[in-house]
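Examining the three-dimensional arrangement
Spelled out, the chains give:
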Amino acid sequence: MIRLAFFDMDGTLCAPRFYVNGKMVVGMSDEAWLAFCEKNGADTYKFCKPVPAVVEYAEELKKHGAVLYVLSSAQSEAEKAAKVKFTESNCRGMFREVITVAGDDEKLPVMQKIAAEAGILASDVELVEDTYRLVLQATVAGMNATHVSHLYCKRD
Ligand SMILES: [Mg+2]
């Protein structure tokens, strides 16, 4: 049974879309992104959309008693504030917390730490992600891992 689940944001819970110089873009360079977040603050994710298949899956896990976290990387306080606002606006009450890390490689240790503190076995933890490398990392660590693509497929 899944007791603890972590959801990535960009490309998983959230379809990225940003309004830059009069047009919608899917993203930008690291440098431009930092400036964009500084300029837009908590509204940086204003045009991003929640991904229905992922939100439904989160609801299902929560209904069965899992504690859910958003686990995402953020390069600035502004980006973190935007991720918190997106989550509160689109998934109110669903996630215990929005956790941000500086880089993807911090995700697995963060999940392991939270699981250990809660006394939850890796086999009862799940990661939902679009970065396949991280899906594999979680699998190798004994966790359940779902690549977001599976949530768009018919269930077995
Ligand atoms: Mg992602």
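In the block above lies the structure referred to throughout.
Worth saying up front: this structure is predicted, and the values here are computed from it rather than measured.

1. Some thoughts on the environment of Ala118
Residue position: Ala118 is located in helix 4 (residues 107-118). C-alpha of Ala118 to C-alpha of Tyr132: the two residues are 14 residues apart in sequence and 26 Å apart in space.

2. Thoughts on unusual backbone geometry
Phi at Asn21 takes a positive value of approximately 45 degrees, unusual for a residue other than glycine. In this structure, Asn21 sits in the loop between strand 3 (18-20) and strand 4 (23-25). For Asn21, a count of 5 C-beta atoms within 10 Å translates into the label exposed.

3. Concerning the sheet that holds strand 9 (residues 144-147)
Strand order in the open sheet formed by five strands is 7-6-1-8-9, with parallel pairing between adjacent strands. The open sheet terminates on both sides in strands that have one partner only, identified here as strand 7 (97-101) and strand 9. Neighbour-to-neighbour, the strand axes of the sheet open up by a mean angle of 25 degrees, direction not taken into account. As judged from the four bridges shared by strand 8 (residues 125-129) and strand 9, these two strands associate in the parallel manner. The residue of strand 9 that forms the bridge with Glu129 is His147. Packing against the sheet, helix 3 (residues 77-90) makes contact with strand 6 (67-73) and strand 7, and its axis sits at approximately 150 degrees to strand 7.

About the cut-offs
- Residues numbered from 1 in each chain as written.
- Predicted model: local features only at pLDDT ≥ 70, side-chain atom pairs only at ≥ 80, totals over all residues.
- Helix = DSSP H or I, 4+ residues; strand = E, 2+ residues; numbered from the N terminus.
- Buried ≥ 20, exposed ≤ 12 C-beta atoms within 10 Å, placed from the backbone.
- Pairing = 2+ DSSP bridges.
- Axes fitted to C-alpha atoms, helices over the stretch in contact; angles between N-to-C directions.
- Contact = placed C-beta atoms within 7 Å.

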